[in-house]
Structures are given as structure tokens and as C-alpha cells.
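# Tertiary structure, described
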Amino acid sequence: MKSTLTNGVGCEGWMSELPDDVLLSKLSIPGTHNSMSYTCYEANIILMREHREDKINVAILDFGSSAIKLAVAEKMAPGDELFRTVYLDSEPSEGAVQRGVVFNLSETSEKVRKLLSRAEADLGIEIDHLYASISGQGLHSLLIKQVEEYDAPHEITQADIERLWGKIEEPDGKFFLNADFARFSVNGSSVLRPVGVKAMKLQVSIQTVVTDRMVTDNVEEVLAHKLDLEVEPYLVGVVELSKRVLTPEQKRIGSALVDFGAETTTVAYFNHGVLESLRVIPMGGNQITYDLTDLDISPEEAERVKIAHASLSLDTSDKEELIVKAPDMRTDKRVSRYNVNQYI
């Protein structure tokens, strides 16, 4: 599905512009998988080269298990830090991406090439470098600590801090994607500003997000080598999503953000205003679809039932019966909505 959006951020009536037959599964809604790649308004995004008069654009790719998605956003006003999404498009992954990881390099590069060609034709711009959103299997948080001890009381300097940071190395086979915070302690006590404090021991604790190096290597192979594109610093999908759906207060008091995908589910926990933990579970919406085939229906019909009728509400008084297609896809049969929701 492809969309070209013209409305800015905060348009309360945006759903009224959609055709009545558009499925919920085809929409990008905050809190649903991959939607973070459509709302990249953060000031820390490096801007793509200006191609149109007074317009600065950024392009973002998201490699999902069900679809590879492209979003293009433009700066809303000169000097403004906000962007609005002006273009969305997707190509079905069809096995080229598995559990959020690029699996077939040739098939993935061809799908990305199609997405970029359509976007360039529709928008009248050239996309020569972009961002890639990293999610899926292999992604997790990692707390890293470094310590420096002194033979005598030592006044900490900025050079000491930089030397401590310089000692941090990527674990074997891992790639650093994000560092959410750094906490310092002097002689075992937490301090906000260690420079100028006399200490025998200085420690820094850094909450990072890493992924398997193979994940980023495959993305780079597709974008940089096969398509000759410049790849900007990687985005962590669920971290970008949290900027849109969690308030600073929610992150301060403690909140979990769950991002459901087709083959993976990402859980990120925020507390004291920062990311405390991130893990990816190798199960997603497809597992629910497969489970629903136990009702003696085909995978295609199970997917339709899941999207159209399934709910997290397990009401024992719900006696509604659904008309579904038998495995031959010709004969109708009845299943209980309550039984369907038991699988959810």
C-alpha cells in the first residue's frame, strides 16, 4: 500500500479521509509495529540533501518481517525542528526479511530499489542516502561499566572522562546502535558532574542498545554496496517510537512499551526518564494466525479472522458466532468469537 499524505502533525480528523474499506492492519498507528518509521520528527535526525526549493527531506526504511516500508518526511518550515510525513510506501517482505533481519540480500535490494524508484518518481526528488530503522531479532539493551582507579586522591578532569569513554569497546559480534544515558560514580557514590571532584575511583555506567553485527552488515550490504546509497546512523525502531507515544512523565515514573510485529515482539522498559531494558521476543502476530488454524481454517482465513474479529477481551458471556470459510475456502462454517479470543 502506498500513501501520499498532505496534512501536518496533529490532524484530529485524519481517519475521515480514509476509504471505508481500508483495513486497520494497513494503517500506521502509534504503538503498532514499524509505525515509528513514519513519525521521525526528532531534531537529532541529520537532514538529507535539499532537492526541492525550500524543502529538506529525510527518507527512512524499516525492514519488517511482513513488509519493507519507506517513509519520506519534509521539514515543516524553515528553521523549524519538526517534520511531516509526505510519502509512505511498502513492499511485502515475502521471506526476504525474517524476524526483522535482512535474510535474502538480492531480493531485499530489489524491493528497496522499487520503493525508491516509485518515491523519486512521485515526489520529483532524488534519494541518495537514507536512514534504516533496526529492530527484530538480535536487538537488546546492554549495560556497560568502566572503572578507573587512582593511587592517590585525584581531581577528576574532562580528560579523565574522555579516557574512560575511550576504553569502551563493542562486544565481539555486536554493533552499538544507541547510548541512552551515562551515570557516574565517585568512590562508590553517584554524582551528576564528576569533573572537579577528588576521587580514588571513578566509574561510568552506560545503557546501550546493541544488535548482532550481522544485522547491520546485511543492511549495509543492501543499501551501500548493492544500491550505492549513503547510509546515515541507524535508528533503533522502538526507541524512536517511544518518543512519539510516551510522555517524559511516563518515562520518569516507569512504563513499558510493547511493539508487536509479524514475527517478533519488542519490549522496552523506561524508568527515571531513560531506557532501562530492551528485549526482543521471537514471536509475533503470525504465531497467533498459526494458532487460529487449530479451528480448522486456512492460514489466510485465520489472518482475516484475527484482523476483523479478534480481541484481548475474553468475555465468557460473548455468545457471538462468526461465519468463516472452511479449509476448502468454499464451505461456510461457524466458530465462536469466544474461542477465537482464547487464542489471543
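Residues numbered from 1 in each chain as written. Predicted model: local features only at pLDDT ≥ 70, side-chain atom pairs only at ≥ 80, totals over all residues. Heavy atoms only, no water.

## A short note on the overall build of the protein chain
Scanning the protein chain for helices and strands turns up 8 helices and 17 strands. Evaluated residue by residue, the protein chain yields a buried proportion of 43% over its 344 residues. By sequence separation, contacts in the protein chain at least 24 residues apart represent 61% of the contacts at least 6 residues apart. Surface accessibility of the protein chain: about 17900 Å² in total, with carbon and sulfur atoms responsible for 50%. (Helix = DSSP H or I, 4+ residues; strand = E, 2+ residues; numbered from the N terminus. Buried < 20%, exposed > 50% of the residue type's maximum accessible area, 1.4 Å probe, protein only. Contact = heavy atoms within 4.5 Å. Areas by Shrake-Rupley, 256 points an atom, 1.4 Å probe, with all protein chains shown as cover.)

## Here's the deal with the confidence of the model for the protein chain
Chain-level statistics for the protein chain give a pLDDT mean of 83 and a share of 82% at 70 or above. Across the protein chain, element-level confidence peaks in strand S5 (residues 101-102) with a mean pLDDT of 96 and bottoms out in strand S8 (residues 174-186) with 87. Throughout residues 1-12 the model reports pLDDT below 50, and contacts reaching past four residues in sequence, or to other chains, amount to 24 contacts. (pLDDT = per-residue confidence, 0-100.)

## Thoughts on helix H3 (residues 213-226)
If you check H3, its first and last C-alpha atoms are 18 Å apart, about what 14 residues at 1.5 Å a residue would give, namely 20 Å. For H3, the complete set of buried residues consists of Val-215, Thr-216, Asn-218, Val-219, Val-222 and Leu-223. Just downstream of H3 lies Asp-228, where phi reads positive at about 55 degrees. (Expected span 1.5 Å × (residues − 1).)

## Observations regarding the sheet that holds strand S7 (residues 140-155)
Pairing is antiparallel across the open sheet formed by 4 strands, whose spatial order is S7-S10-S8-S9. Because the sheet does not close on itself, it has two edges, and the strands there are S7 and strand S9 (189-191). Direction aside, the axes of adjacent strands within the sheet are offset by 35 degrees on average. Note: S8 against S9, 3 bridges, orientation antiparallel. (Pairing = 2+ DSSP bridges. Axes fitted to C-alpha atoms, helices over the stretch in contact; angles between N-to-C directions.)

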